[in-house]
Amino acid sequence: MEEQATVTAADIARIAGVGRAAVSNWRRRYGDFPPPVGGTASSPFFSLVAVEKWLRERGKPVEISLGDRIWQRLRNLGDDLALGDRVGRVGSYLSRPREWTFSPRYDDAELLELLDRFAAERGAREAYEFLCERYVEAHSRQLSVTAGPVAELMSRLVGPAPGVVLDPACGLGTLLLASGGTRLLGQADDPATSCIAAHRLLLAGADMEMYGADALSMDSYEGVLADTVVCDPPFNEREWGYDELVGDPRWVYGQPPRGEPELAWVQHCLAHVKPGGLVAIRMPPAAAGRRTGRRIRGNLLRAGALRAVVTVGGADLWLLRRPEPGERPPSRVLLLADPSTVEEQWRDHLRGAEVPDAVRIIDLLDEEIDLSPARYQDRDEHAGEAFLEVRRYFEGIRPELPSLAVSDEKPSFVTIGELLKSGVLTVPESVEDGDVVASPSVPAYVHSGESSVPEPTMSKYRTDPERLDAAFLAGCLRAAGQIAPTSSTRIDLKRTRIPRLPIEAQRAHGEAFTRLAAFEAALREAAESGLELVRLGLAGLTEGQLRPGN
């Protein structure tokens, strides 16, 4: 079985302790690097045994942890489409070993022995969390997992001591695990995901209940009212059952528009919380201002159900409270673009105290009913303090030019197209650390960080670092972009001329290009800060928060 184990480029990078760009370079530079044995051109699989042998022959340290060996073995028991089922079965084995049932496809005694060792070393829960992390990495494009800090914040905002907590779109159970509820109710949109979530909760010692079906079309908790509800539903799903759910009794605040499933999730959550109970649901920013949803937003405000919209991590948190019968609705809603004070303001807002970022509901009930927090942040109330803060920042900006000298040498040139033909440059499927990226709207730069899928308008290049410096290439492309004054003048990047220079000279040029880019960024930052400084100065002088002085 061991010889069948395969690894991805990301796995190889982790095993060897290098970045993914290094693995890509090895594949290009070394003809004896193990060829792919499966997968696709953009996501190939390699033999684990062959990769280990190749690394050791070159004196590169190889350290494959017990957890990674289990993961590779588990992944190679079948195709990736059924990987979630296999991860769920491992959860069943770790949480209730005696209930594990075997079949010829999954009956792997050595795998179970490795799992026992892993659980003995790290504990069953931690061992399973490790494998779940690997599963999320393998399916990062298909799975959406709530970030840990966001999950913890959502739980604190509806806590403490939440009692029965429901998450009707729980995914792998992250929000439920963070909630601290005494009883956890979850529903995920497919059996495999719900199985993984259930065993994560069981291994955490939770009193739980879990179902695997889409909650909008098949509500497994019909009639159940939880103390609190937390939810991070899927965004922008067009096929959410609009036609089948017209007139559904959950739509107390209005029929959700076909293009706004998030407003269906909001009402589903309110339908499953006790009167007076709290709901925290993550929403796309557009849901706060889409014209099609204004009627429902207005009804939520008038009823006193929607109590706050807070921008957190690129999305909004809607904080709701199900009105109690005969309860008088509040006159204000909290709209907060900066989450740093949300917990203090939210507690005070709930008990009816005045808070700085609460907005009168009557002022919001216009034709748009736009609840986007950034629209209502009035920075001029603190223009005096803000002016001093921006001035300190502005005075600290120090653009620094690289040292450049006049040269009489006239280099020869080569085009991008010629470099591609020679193999010095390649065009990758995804962007990885060290790749060069350019687009009509963004100057060329060297990508750093995790791999990503580029936008369709982006051009991306991967260099052979022994023959072409990435920063040098990015600088040349950036210079070519300066030639076109408008977006209507398009440049054929393959015709871009690159000076023929030795690699050491390229690196020196690349450093100079990088410093020039930093200089430009500092100038832009200074200009923006300077304009903000003027605005705050005018506002502060007008409102009496600033006065002329020495």
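Coordinates for the structure precede this section.
These numbers were taken from a predicted model, which means no experiment stands behind them.

Caption draft 1: Representation of the overall build of the protein. On a plain count of helices and strands, the protein comes out with 17 helices and 18 strands. With the C-alpha coordinates aligned to their principal axes, the bounding extent of the protein is approximately 85 × 80 × 45 Å. The contacts in the protein between residues at least 6 apart in sequence include a share of 68% that link residues at least 24 apart. Summing over all exposed atoms, the protein offers an accessible surface of approximately 28500 Å²; the carbon and sulfur share of this is 51%. Charged side chains of the protein number 65 positive and 81 negative; the gap between the two group centres comes to 3 Å.

Caption draft 2: Inspection of the sheet that holds strand β11 (residues 332–336) at higher detail. With respect to topology, 9 strands assemble into an open sheet ordered β6-β5-β4-β7-β8-β10-β9-β11-β12, the strand pairing being mixed. Bordering the open sheet on either side are β6 (208–212) and β12 (358–360), each of which pairs with just one other strand. Neighbour-to-neighbour, the strand axes of this sheet turn through a mean angle of 15°, independent of strand direction. Taken together, the 3 bridges between β11 and β12 define a ladder with antiparallel strand orientation. Note that in β12 the partner of Val 333 across the bridge is Val 359. Contacts between helix α12 (residues 294–303) and the sheet are confined to β9 (306–312), β10 (315–321) and β11, with β10 contributing the most and set at about 45° to the helix.

Caption draft 3: Fine view of the environment of Ala 508. Assignment of secondary structure puts Ala 508 in helix α17 (residues 503–543). Here the alpha-carbon distance between Ala 508 and Ala 471, two residues 37 residues apart in the chain, equals 9.5 Å.

Caption draft 4: Focus on the sheet that holds strand β14 (residues 425–426). Read across the open sheet, the 4 strands follow the order β14-β17-β15-β16; overall the sheet is antiparallel. Two strands bound the open sheet, and with one partner strand each, they are β14 and β16 (445–446).

Caption draft 5: Summary view of the packing of aromatic side chains. In total, this model carries 9 aromatic pairs according to the counting rule given. Plain terms: the ring middles of Trp 26 and Trp 54 are 5.7 Å apart, the flat faces sit at 50° to each other, and that makes the pair tilted. Of the two residues, Trp 26 sits in helix α2 (residues 20–29) while Trp 54 sits in helix α3 (residues 48–57), which places them 28 residues apart along the sequence. Here the two residues Trp 26 and Trp 54 agree in accessibility, since each one is buried. Among the aromatic residues, those joined into a ring-pair cluster are Trp 26, Tyr 30, Phe 33, Phe 46 and Trp 54. In this structure, Arg 58 is placed above the aromatic ring of Tyr 30, and the distance from its NZ or CZ to the ring centre is 5.7 Å.

Caption draft 6: Spotlight on the pattern of salt bridges. Tallied over the full model, the rule gives 36 salt bridges. The shortest N-O distance in the salt bridge between Arg 250 and Asp 248 comes to 2.8 Å. We note that Arg 250, like Asp 248, is buried. Where Asp 435 meets Arg 462, a salt bridge forms, and the shortest distance between an N and an O atom there is 2.7 Å. Of this pair, Asp 435 sits in the loop between β14 and β15 (436–438) while Arg 462 sits in strand β17 (residues 459–463), and the two are 27 residues apart along the sequence. On the accessibility criterion, Asp 435 (1% relative accessible area) is buried. Beyond isolated ion pairs, a larger network of salt bridges with shared partners links Asp 11, Arg 14, Asp 68, Arg 134 and Glu 137.

Caption draft 7: Geometry of unusual backbone geometry. Of note in this structure, Asn 236 is not a glycine but carries a positive phi near 60°. Considering the arrangement of structural elements, one finds Asn 236 in the loop between β7 (226–231) and α11 (261–271). In the Ramachandran plot, Ile 369 falls in the positive-phi region, its phi being about 50° despite a non-glycine side chain. The topology assignment puts Ile 369 in the loop between β12 and α14 (383–395).

Caption draft 8: Local environment of the pairing of β6. Note that strand β5 (residues 183–188) and β6 share 5 bridges and pair parallel. Within β6, the residue paired with Gly 186 across the bridge is Met 210.

Caption draft 9: Molecular detail of the nonpolar core. With 40 residues, the main nonpolar core has Ile 281, Leu 300, Trp 318, Leu 320 and Leu 371 as its most contacted residues. Elements with a minimum of two residues in this core: β7, α11, β8 (273–283), α12, β9, β10 and β11. For this core, the element with the highest residue contribution is α11, accounting for 6 residues. Discounting residues that sit within four places of it in the chain, Ile 281 has contacts with Met 154, Cys 231, Pro 233, Trp 265, Val 266, Cys 269, Asp 316, Leu 317, Trp 318 and Leu 320. Core analysis: the second largest hydrophobic core is formed by 31 residues, Val 150, Cys 170, Ala 188 and Val 310 among them.

Caption draft 10: Here's a closer look at a nonpolar patch on the surface. On the surface, a cluster of nonpolar side chains totalling about 300 Å² of accessible area is made up of Leu 401, Leu 404 and Leu 516. Inspection of the secondary structure puts Leu 401 in the loop between α14 and β13 (413–415). With relative accessibility at 53%, the residue Leu 401 sits in the exposed group.

Caption draft 11: Seen up close, the environment of Val 158. Along the polypeptide, Val 158 turns up in helix α8 (residues 148–158). Here the alpha-carbon distance between Val 158 and Leu 319, two residues 161 residues apart in the chain, equals 8.4 Å. Setting aside residues no more than four positions away along its own chain, Val 158 makes contact with Thr 228, Val 230, Leu 278, Val 279 and Ala 280.

So, how was this worked out
Residues numbered from 1 in each chain as written. Predicted model: local features only at pLDDT ≥ 70, side-chain atom pairs only at ≥ 80, totals over all residues. Heavy atoms only, no water. Helix = DSSP H or I, 4+ residues; strand = E, 2+ residues; numbered from the N terminus. Contact = heavy atoms within 4.5 Å. Areas by Shrake-Rupley, 256 points an atom, 1.4 Å probe, with all protein chains shown as cover. Lys, Arg positive; Asp, Glu negative; His and termini not counted. Charge placed at Lys NZ, Arg CZ, Asp CG, Glu CD. Pairing = 2+ DSSP bridges. Axes fitted to C-alpha atoms, helices over the stretch in contact; angles between N-to-C directions. Phe/Tyr/Trp six-rings, centres within 6.5 Å; stacked < 30°, edge-to-face > 60°. Buried < 20%, exposed > 50% of the residue type's maximum accessible area, 1.4 Å probe, protein only. Lys NZ or Arg CZ within 6 Å of the ring centre and 35° of its normal. Salt bridge = Lys/Arg side-chain N within 4 Å of Asp/Glu carboxyl O. Core = buried A, V, L, I, M, F, W, Y, C linked by side-chain atoms within 4.5 Å. Patch = residues over 30% accessible without salt bridge, like charges linked within 9 Å, V, L, I, M, F, W, Y side chains within 5 Å.

Distances and angles like these do not, on their own, reveal function.
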